[in-house]
Amino acid sequence: MKIGENQEKLPCLIGLSQKEIQAVLGERSDASMRSKQLAWHLYRRHETNLQAMGDLPQALRDELELCFRTHPLETAVRKQSTDGVDKLLVHRGDNQVFECVLLPYEDRVSCCLSSQVGCPMGCKFCATGLGGFQRNLDVSEIVGQYLMLQQLSERRISHVVFMGMGEPLLNLPNLIKAMRILHDEVGLSYRHITVSTVGIVPQIEKLAEEKLPIHLALSLHSPLDEVRDRLMPVNHRWPVQEVFNAMREYQQATGRKITLEYLLIRDVTDTPDQAKALAKLIRGVPNVVNLIPFNYVDTEQGFARPTRQAVRQFRQILEQAGVNVSERMERGHDIAAACGQLAGQHTGRIMNRASVADLPVAR
Ligand code: SAH
Ligand code: SF4
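Note that the coordinates shown come from a computational prediction; the quantities given were computed from them, not determined experimentally.

**Some thoughts on the pairing of strand β4 (residues 109-112)**
Neither face of β4 is open: one carries Val109 and Cys111, the other Ser110 and Cys112, and all of them are buried. Inspection of the sheet shows strand β3 (residues 98-104) paired to β4 by four bridges, in the antiparallel sense. The residue bridging Leu103 from the neighbouring strand is Ser110, located in β4. Following β3, the chain reverses through four residues before pairing antiparallel with β4.

**Comments concerning the site of ligand 1**
Close to ligand 1 lie 20 residues, the nearest being Gly166, Ser196, Ser219, His221 and Asn295. In the model, a nitrogen atom of ligand 1 is placed 3.2 Å from a nitrogen or oxygen of the Glu167 side chain. Its free accessible area being 530 Å², ligand 1 has 96% of it covered by the protein chains. Sorting the residues of the shell around ligand 1 by element identifies β8 (193-197) and β10 (258-264) as the ones contributing at least two each. Looking at the shell around ligand 1, its residues break down into eleven nonpolar, seven polar and two charged.

**Some thoughts on helix α11 (residues 272-282)**
Those residues of α11 lying buried are Gln274, Ala275, Leu278, Ala279, Leu281 and Ile282. Buried positions in α11, seen along its axis, are confined to an arc of 160° and lie on one side of it. Residues of α11 that are exposed and point over 90 degrees away from its buried face: Lys276 and Lys280. Among the structural elements, α8 (225-231), α10 (240-254), β10, β11 (287-293) and α12 (308-320) are those in contact with the buried residues of α11.

**Details of the packing of aromatic side chains**
Taken as a whole and judged by the stated rule, the model has three aromatic pairs. Plain terms: the ring middles of Phe294 and Tyr296 are 6.2 Å apart, the flat faces sit at 75° to each other, and that makes the pair edge-to-face. Arranged with centres 6.0 Å apart and planes meeting at 90°, the rings of Phe294 and Phe303 form a pair that is edge-to-face. A single burial state applies to Phe294 and to Phe303, both of which are buried.

**Concerning the site of ligand 2**
Taken together, Cys119, Met121, Gly122, Cys123, Phe125, Cys126, Gly129, Gly166 and Val198 form the complete shell of residues around ligand 2. Its residues assigned to classes, the shell around ligand 2 shows six nonpolar, three polar and no charged.

**Thoughts on the state of the cysteines**
One pass over the full model with this rule turns up zero disulfides. Of all cysteine sulfurs in the structure, the one in Cys111 sits closest to Cys100, which takes part in no disulfide; the separation is 7.7 Å. On the accessibility criterion, Cys100 (0% relative accessible area) is buried.

**Some thoughts on the environment of Leu103**
One can find Leu103 in strand β3. Here the alpha-carbon distance between Leu103 and Asp83, two residues 20 residues apart in the chain, equals 9.2 Å. Those residues in contact with Leu103, other than ones at most four positions away along the chain, are Val85, Arg108, Val109, Ser110, Cys111, Cys112 and Arg331.

**What to know about the packing of helix α1 (residues 18-25) against helix α2 (residues 31-44)**
Interhelical geometry of α1 versus α2 gives an angle of 130° and a closest axis separation of 8 Å. With respect to α2, the axis of α1 lies oblique. In the crossing of α1 with α2, the sense of the turn from one axis to the other is right-handed. Contacts from Gln18, Ile21, Gln22 and Leu25 of α1 reach α2 at Ala31, Ser32, Arg34, Ser35, Lys36, Leu38, Ala39 and Leu42.

**As for the sheet that holds β8**
Pairing is mixed in the open sheet, where ten strands are placed in the order β1-β2-β3-β4-β7-β8-β9-β10-β11-β12. Each edge of the open sheet is held by one strand with a lone partner, namely β1 (74-80) and β12 (325-327). Strand-to-strand twist in this sheet, taken as the mean axis angle between neighbours without regard to direction, amounts to 20°. Relative to β12, β11 is paired through three bridges, and the arrangement is parallel. Looking at β12, one finds that Val289 is bridged to Val325. Where α10 meets the sheet, it contacts β9 (215-219) and β10, and its direction lies at approximately 145° from that of β10. Where α12 meets the sheet, it contacts β10, β11 and β12, and its direction lies at approximately 155° from that of β12.

**Points about the confidence of the model for the protein chain**
Averaged over every residue, the pLDDT of the protein chain is 89; the share at 70 or more is 88%. In this model, residues 348-363 is a region of pLDDT below 50 whose contacts with residues beyond four sequence positions or in other chains number 29 contacts.

**Considering helix α7 (residues 201-210)**
Because each turn of an α-helix spans 3.6 residues, side chains separated by three or four positions end up pointing in the same direction. When we look at burial in α7, the residues that qualify are Val201, Gln203, Ile204, Leu207 and Ala208. Down the axis of α7, the sector holding all buried residues measures 160°, keeping them to one side. Looking one or two residues beyond α7, the residue adopting positive phi is Lys211, at roughly 55°.

Here is what the cut-offs are and how they apply
- Residues numbered from 1 in each chain as written.
- Chains lettered and ligands numbered in written order.
- Predicted model: local features only at pLDDT ≥ 70, side-chain atom pairs only at ≥ 80, totals over all residues.
- Heavy atoms only, no water.
- Buried < 20%, exposed > 50% of the residue type's maximum accessible area, 1.4 Å probe, protein only.
- Helix = DSSP H or I, 4+ residues; strand = E, 2+ residues; numbered from the N terminus.
- Pairing = 2+ DSSP bridges.
- Near = heavy atom within 4 Å.
- Polar contact = N/O pair within 3.5 Å; in protein donor to acceptor, adjacent residues only side chain to side chain.
- Areas by Shrake-Rupley, 256 points an atom, 1.4 Å probe, with all protein chains shown as cover.
- Nonpolar A, V, L, I, M, F, W, Y, C, P; charged D, E, K, R; others polar.
- Arc of directions from axis to C-beta.
- Contact = heavy atoms within 4.5 Å.
- Phe/Tyr/Trp six-rings, centres within 6.5 Å; stacked < 30°, edge-to-face > 60°.
- Disulfide = S-S within 2.5 Å.
- Axes fitted to C-alpha atoms, helices over the stretch in contact; angles between N-to-C directions.
- Parallel < 35°, antiparallel > 145°, perpendicular 65-115°, else oblique.
- Left-handed = near helix turned anticlockwise from the far one by under 90°.
- pLDDT = per-residue confidence, 0-100.

In structure tokens form, the structure reads like this:
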């Protein structure tokens, strides 16, 4: 449904907890029951048409329809991949687009959500970083991405990763509230939610205080300050050891393993000396290292995908040192479903499909 001109200005029911919906219903004697019905329709049945909520009195449906929206987002572009990946470029009627992706696997269905429109962190390899920062997403827009993808999916989406556009920890209050709604109202397990961060130390500490049993993944990308400095401006403020210590504290507070995302860029981050330094850094800490081959984005840095040989060698060095390694399964290549790419494509910043296809992993 298209968000109408007047509709756009109405407050949105999506993003409210059942208790908040109850407060919205005010003094009605049946507010508690009605709010539970509404929350069930919105979050469990993914029903956005108030008139289709047959167990609510007609007068209430009409009243709600006049005062509230149930569609926080509309779709600008939908791309379906041959491997089942479905990617949406969405906005709230203002043409500030952001993306979310449905990722079906054999054993589960996952989705990748955005936390901001654009990103202020300026990482040198990232299409989102290239485009600059527009604004934080509100709770309705974060939860709305999940619900839109769920409407497209025949199977229940059981896992959420915040690896779309933006730095989630820069939008912490909205992120936390959205995760609570995904847990309390939608029924997701916190253990199936992963937040990926560039490594903002005070925000990692704040998140730890919430004691939510979610996964926190650090985008490390190099164990060496001189390399990480060049790739990620955030490293000047919170260098490797400092951010790693914050992750250790987070790990101790939550009991979860430390998850590190590691981007392999040819001859920049994929070298054996960095594999060894990484193994040394995480020795003795329960860990997972997720290797991500660089997805080609022309950021004018001359970055290239790693050779298969380099990936193998990097992995071997880590494994021999007892590190738990996984390689990110690459999905949705034909629709540029990797991080930041579709929005980049939309604004003409990244290479088109044909040229991406010309860049297979070198052998
Ligand atoms: N801002 C957060 C989460 C969004 S980015 C973060 O940086 O962690 C999600 C992941 O995509 C991060 O690990 C990021 O480093 C990675 N990424 C960004 N650009 C990429 C590219 N061109 N190829 C592969 N991964 C990329
Ligand atoms: Fe922002 Fe993450 Fe991209 Fe860095 S990698 S610019 S933090 S979205």
